[in-house]
Amino acid sequence: MNIVITEWNAPNGLERLEQEGHRVHYDPGLWNSPELSEAVKEADALIVRNQTRVNAALIEAAPRLKVIGRLGAGLDNIDLDAAARRHIPVVTAGSANASSVAEYVIAAIFHSARRLGDAAGSVRSGGWPRQQFTLHEIGGKTLGLIGVGEIGRRTGARAKALGMKVLGCDPRLEKDGDTAAEAGIIPADLNRVLAESDYISLHVPLLPSTRGLIGASALNLMKQNAVLINTSRGAVVDEEALVGALSANRLAGAVLDVLGEEPPRKDHPLLALPTCTITPHIAGLTRESQEQISEIVSAEVISALGGQAEVAKAQIRSSF
């Protein structure tokens with residue numbers, strides 16, 4: 001069968017698809033090409049990351065489509081209703097990149113607390129400003145998690161091991177408190193997480209209820225010395241409000257791995273703020289995670305082409 005892959009995929013997954021005898025059309029730039037609609041006309045399977053907009057029109061342009069594979073976790077770029085109407089399953093790698101994202105969050109905390117890059121740059125320029133870089137320990141500080149799924153729990157466990165207090169906001173904790181307790185996470189409402197945390201890390205899907213969740217009112221509740229970390233989806237944060245908070249020094253900093261528009265335009269105001277660190281959507285991108293994701297999604301696509309996958313659910317359930 002014909003499998004179209006529109007974004008980067010690790011070689012092990014491609015090899016597995018080809019070993020099963022499938023014809024693989026692999027073009028990592030196809031997601032941004034006008035040829036995409038033409039390419040999917042003969043596709044039995046479509047494998048994407050987060051850039052490809054798998055909307056109703058694209059699905060209808062692929063009359064043979066039997067399965068959509070998502071190399072990652074978020075599904076906001078896929079029209080699940082349109083897929084369900086065609087009885088097309090959408091398969092993912094689940095939490096295969098959860099450890100990678102959790103480690104990124106911990107790295108972001110250390111980055112904010114010690115500013116090693118800035119300190120090294122100062123020395124390289126001939127300085128030796130020890131007092132300027134007499135900063136903070138993270139032991140004893142509070143990490144607030146907004147969203148406590150698999151990634152949130154792994155992040156919380158790592159932070160707890162470093163001596164941090166961990167608060168978690170997620171209505172699911174009321175039903176799954178034992179799992180959070182095992183990770184050392186204290187259930188708390190949103191306002192408490194915002195008000196008490198030194199670092200706040202976002203781990204929620206992009207839904208109507210979470211779009212703009214961190215806006216002006218939420219930012220005003222945060223400590224002046226707090227740092228916001230976003231590895232979920234860019235639109236969860238009101239970027240205009242964040243620019244205002246950082247510019248007015250009402251917030252110590254932000255580390256953003258995701259933005260509302262990726263890549264950002266060159267004159268994006270967040271790029272001009274020294275207290276805002278932006279990385280190119282790499283939190284879940286480690287060699288280990290990408291090989292695992294590619295392997296899992298390829299296996300799921302193969303199963304679906306053999307008629308063994310469930311039809312995609314039309315909605316993502318979330319308490320937020």
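Rules and cut-offs
- Residues numbered from 1 in each chain as written.
- Predicted model: local features only at pLDDT ≥ 70, side-chain atom pairs only at ≥ 80, totals over all residues.
- Heavy atoms only, no water.
- Pairing = 2+ DSSP bridges.
- Helix = DSSP H or I, 4+ residues; strand = E, 2+ residues; numbered from the N terminus.
- Axes fitted to C-alpha atoms, helices over the stretch in contact; angles between N-to-C directions.
- Contact = heavy atoms within 4.5 Å.
- Domains from an automatic or database assignment.
- Buried area = accessible area lost by both parts, 1.4 Å probe.
- Salt bridge = Lys/Arg side-chain N within 4 Å of Asp/Glu carboxyl O.
- Polar contact = N/O pair within 3.5 Å; in protein donor to acceptor, adjacent residues only side chain to side chain.
- Nonpolar A, V, L, I, M, F, W, Y, C, P; charged D, E, K, R; others polar.
- Buried < 20%, exposed > 50% of the residue type's maximum accessible area, 1.4 Å probe, protein only.

This brings us to the sheet that holds strand S9 (residues 199-202). The strand order across the open sheet built from seven strands is S8-S7-S6-S9-S10-S11-S12, with neighbouring strands paired in parallel fashion. Either end of the sheet is taken by a strand with one partner, and the two such strands are strand S8 (185-187) and strand S12 (276-278). Along the sheet, successive strands turn relative to each other by an average axial angle of 20°, direction set aside. Along the sheet, helix H7 (residues 150-161) contacts strand S6 (142-146), strand S7 (165-169) and S8; its crossing angle with S6, the most-contacted strand, is approximately 175°. Contacts from helix H11 (residues 239-247) reach strand S10 (227-230), strand S11 (253-256) and S12 within the one sheet, and its direction differs from that of S11 by about 145°.

Take the domain arrangement of the chain next. Much of the literature gives interface size as the accessible area that the parts lose upon coming together. When cut into domains, the chain gives domain 1 (2-92 + 287-306) and domain 2 (97-278). One C-alpha centre belongs to domain 1, the other to domain 2; they are set 31 Å apart. In this complex, domain 1 contributes seven residues to the contact, which on the side of domain 2 involves five residues. For the domain 1 face of the interface with domain 2, the top three residues by lost area are Gln51, Asp76 and Ser289, together amounting to 59%. Put simply, domain 1 and domain 2 have one salt bridge between them. One salt bridge in this structure joins Asp76 and Arg233, with 2.8 Å as the shortest N-O distance. At the junction of domain 1 with domain 2, the criterion picks out two residue pairs in polar contact (both at pLDDT 80 or more). Here the residues of the side of domain 1 that touches domain 2 are counted per class, giving one nonpolar, four polar and two charged.

In this structure, Pro263 follows Glu262 across a cis peptide bond, with omega equal to -10°. Mapped onto the elements of the fold, Pro263 is located in the loop between S11 and S12. Positive phi values are uncommon outside glycine, yet His87 reaches one of about 60°. With respect to the helices and strands, His87 occurs in the loop between helix H4 (80-85) and strand S5 (90-92). What makes His87 exposed here is its relative accessible area of 59%. For His281, which is not a glycine, the phi torsion comes out positive at approximately 55°. By the secondary structure assignment, His281 is in the loop between S12 and helix H12 (287-305). When its relative accessible area of 21% is taken as the criterion, His281 is described as partly exposed.

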